[in-house]
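Residues per chain, in single letters:
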Amino acid sequence: MDFESNYEISRTVEYLRAGNFTRVALQFPDELLKDSPRVAKALRSELGEGVRLFVMADAAYGSCCVDEIAASHVDAECVVHYGHACMSPTSTLPAMFVFGKASIDIKNCADLIGRCLSSTDKPILVLYGLEYSYALMHLKTVVAESLVLSHSNLGPMVNYADVIGSVINPSQDFTTEKDQIRSLNGSITNAGFTSGGDEKKILKFGNGRRMENGTCYELGGLTWSIPSDHKIEDYLLFWIGPENSAFTNVVLTFNACEIIRYDADERRLLEDFSSQRRILKRRYYLVEKAKDANIVGILVGTLGCAGYLSIIQQMKELIKGAGKKSYTLVMGRPNSAKLANFPECDVFVYVSCAQTALLDSKEFLSPIITPFEAALAFGRGRQWSGEYVLNFHDLMVSSGPEAVSGTEEARFSFIKGGYMEDIQPEENGGHEEKSLALAETTEKALNLQSQHPNTIMFKGAARSGSEFFAARSYQGLNRQYENLAPQSYVIGRLDIKGVALNPFVGLLSFDMGAWNLVILFQPVNMFSFLLRSCKFVSVDEMQF
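Residues numbered from 1 in each chain as written. Predicted model: local features only at pLDDT ≥ 70, side-chain atom pairs only at ≥ 80, totals over all residues. Heavy atoms only, no water.

Participant: Residue-level account of the overall build of the protein, with values.
Facilitator: A count of helical and extended segments in the protein gives 14 helices and 27 strands. The burial tally for the protein puts 46% of its 544 residues in the buried class. If you take every contact in the protein between residues at least 6 apart in sequence, the share linking residues at least 24 apart comes to 67%. Of the accessible surface of the protein, which amounts to about 29300 Å², a share of 53% is contributed by carbon and sulfur atoms. (Helix = DSSP H or I, 4+ residues; strand = E, 2+ residues; numbered from the N terminus. Buried < 20%, exposed > 50% of the residue type's maximum accessible area, 1.4 Å probe, protein only. Contact = heavy atoms within 4.5 Å. Areas by Shrake-Rupley, 256 points an atom, 1.4 Å probe, with all protein chains shown as cover.)

So, in structure tokens, the structure goes:
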């Protein structure tokens, strides 16, 4: 495909000129970085010297998100994002998206859609990767023509999702950090689970938004609607694209739907997605494991998605209401080496965009869960109904935090196999976030250790980071011992050369030809020996 057409040079120039942008950041993923010089050269030849272009690579977090932090380092006025995108709303900078144009056999895809129509009585909803959005109109035309030629009246049975747009402006609701915390500062909704009280659902993005004439859905940059008398489970989802994070998002969000994937590279249909659905079982196990946690680390996995500060604040309130201690950590892309520096955290909550929210935590010391899974784990009396939410925007409401009863009954832990009593909020410190809070908490923990050295790990786990470190057996090289007087030494027996021996020291001799290796050793226990000294002795010098 033509280079300028693939990277939409003309449309990009029109957008930059219409916005009068003079400092533009061009964000490329790793696989497209090789084309960045040609793209920048083509844009500069059209825009002239009055517009400065900056190429950005190695995004701080996922390459699917707009890297507003890196763009702000060069005072960019907008970002042009190339390649795969999650279409998360931005906070401060406008962004234009160039999805690219992946190759696809339209005729073959249309024939397979018709085959699916003839083999099922369900209507088909066609979803696709954004890199195939350019071919949507052509695909619609070919499918309609093939149905007419086959004298089929199943045309209304095929529905197509549309692209929300290729330009995103900063959300007016989250223009500043204070606005992010203030605007949607509240609790977690009941989306995806049921509770004993009145059920209140905020359904938008992946879970749908109720409209007068039906239900509107938005997911991964796509939008579609279904009639009010239909449910999404009534449709056969036909996905066009590779098995990437966007497809995993679809499989998990609509896990009750029948899904078929068309592989455009291999030109065939795939129907076995058991590996994706096994992810749900793994995630449910992590939810049960998180319920037993006392110390929770909140990992900031995005600094550009609008509303991330609000969901972090809600996570803090949710964790505090559950009687647990939370710490907020910002470290870029998390890995096992980074998180190993925080052994006191029993579980981590990863706040990021929907397509990077799932981290395989098998290599990590502690499990990593999503905000939705944290709502399931730390909200008492809530049960998972099977619905799964990856976009943290679905969890934000304007109501106040949910009150936690102080007389909760003990819950059954499936991990530990017994009943457990969660720590009540008033038992877990209750310190407000202020400059001396950490010092006061640490001093209190150290005082508890000196008074009750064997009881600080009550219930099998520490309640805060300071208690965790105070209860460790290894205290460092500067530990203060109670008895500072040096121990008296004892002179042992002498060996054949006059070297002092411990009564339990032995002598081993190994034949090495003209030389023997004589080793003195001292047994420490039944299974190990401590090497004390060694000496090479000539055969002529040995005395028998």
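Moving on, there is more to tell.
Participant: Give a description of unusual backbone geometry that names residues and reports values.
Facilitator: You will see that Glu8, though not glycine, has its phi angle at about 50°, which is positive. With respect to the helices, strands and loops of the structure, Glu8 is situated in the loop between α1 (3–6) and α2 (9–19). Positive phi is not limited to glycine here, since Asp75 has a value of about 55°. Note that Asp75 resides in the loop between α4 (68–73) and β3 (78–82).

Participant: Could you give an account of empty space enclosed by the protein, with specific residues and numbers?
Facilitator: For the structure on display, the rule yields 4 cavities of 30 Å³ or more. The computed volume of the largest cavity comes to approximately 140 Å³. Broken down by secondary-structure element, the contributors of at least two residues to the lining of the largest cavity are β5 (124–128), β12 (222–227) and α8 (245–253). Considering each element in turn, the lining of the largest cavity owes the most residues, 3 residues, to α8. Across the lining of the largest cavity, the residue classes break down as 10 nonpolar, 6 polar and 1 charged. The wall of the second largest cavity is formed by 13 residues, among which Tyr61, Cys65, Val66, Asp67 and Leu303 lie closest to the centre. Partitioning the lining of the second largest cavity into residue classes produces 7 nonpolar, 4 polar and 2 charged. (1 Å grid on protein atoms, 1.4 Å probe; cavity = no way out; pocket = protein on both sides within 12 Å on 5 of 7 lines; lining within 4 Å. Points joined across faces, edges and corners; volume = space filled by probe spheres on them. Nonpolar A, V, L, I, M, F, W, Y, C, P; charged D, E, K, R; others polar.)

Participant: Which residues make up the sheet that holds strand β14 (residues 258–263), and what values do they have?
Facilitator: Read across the sheet, 5 strands follow the order β6-β5-β13-β14-β15 without closing on themselves; strand pairing throughout is mixed. Strands with a single pairing partner mark the edges of an open sheet, and in this sheet they are β6 (158–160) and β15 (268–270). Strand-to-strand twist across the sheet, computed as the mean angle between neighbouring axes with direction ignored, equals 25°. Where strand β13 (residues 236–240) and β14 come together, 5 bridges link them in parallel fashion. Across the sheet, the residue bridging to Leu237 is Ile259, located in β14. (Pairing = 2+ DSSP bridges. Axes fitted to C-alpha atoms, helices over the stretch in contact; angles between N-to-C directions.)

Participant: Quick rundown of helix α6 (residues 136–149)? Include the residues and the values.
Facilitator: Taking 1.5 Å of rise per residue, 14 residues should cover 20 Å, and α6 covers 20 Å from first to last C-alpha, within 8% of that figure. Turning to α6, its buried residues are Leu136, Leu139, Val142, Val143 and Leu147. The arc that holds every buried residue of α6, seen down its axis, measures 130°, which confines them to one face. Exposed positions of α6 whose direction lies more than 90 degrees from the buried face are Met137, Val148 and Leu149. (Expected span 1.5 Å × (residues − 1). Arc of directions from axis to C-beta.)

Participant: Break down the environment of Val167 for me, with residues and values.
Facilitator: The residue Val167 is located in strand β8 (residues 167–168) in this model. Residue contacts for Val167: discarding those within four places in its chain leaves Tyr15, Ala95 and Met96.

Participant: Go over the pattern of salt bridges, please, and point to the residues and values.
Facilitator: The full count for this structure, using the stated rule, is 10 salt bridges. Here Lys122 and Glu258 are joined by a salt bridge, their closest N and O atoms 3.6 Å apart. One end of the pair, Lys122, is in the loop between α5 (106–119) and β5; the other, Glu258, is in strand β14, and 136 residues separate them in sequence. Relative accessible area serves as the criterion here: at 36%, Glu258 is assigned to the partly exposed category. Measuring nitrogen to oxygen at the nearest pair gives 3.9 Å for the salt bridge that ties Glu243 to Arg261. Taken together, the residues span a long stretch of sequence, with Glu243 in the loop between β13 and α8 and Arg261 in strand β14 at a distance of 18 residues. Relative accessible area serves as the criterion here: at 44%, Glu243 is assigned to the partly exposed category. Taking the relative accessible area as the measure of exposure, Arg261 reaches 4% and is therefore buried. (Salt bridge = Lys/Arg side-chain N within 4 Å of Asp/Glu carboxyl O.)

Participant: I'd like a description of the pairing of β5, backed by residues and values.
Facilitator: Across the 5 residues of β5, 5 count as buried, placing the element largely inside the fold. The two faces of β5 match: Ile124, Val126 and Tyr128 on one face and Leu125 and Leu127 on the other face are all buried. The sheet contact formed by β5 and β6 spans 3 bridges and is parallel. In the strand pairing of β6, Val126 is matched with Tyr160. Where β5 and β13 come together, 5 bridges link them in parallel fashion. Within the sheet, the bridge partner assigned to Ile124 lies in β13 and is Leu236.

Shape is all these values report; function is a separate question.
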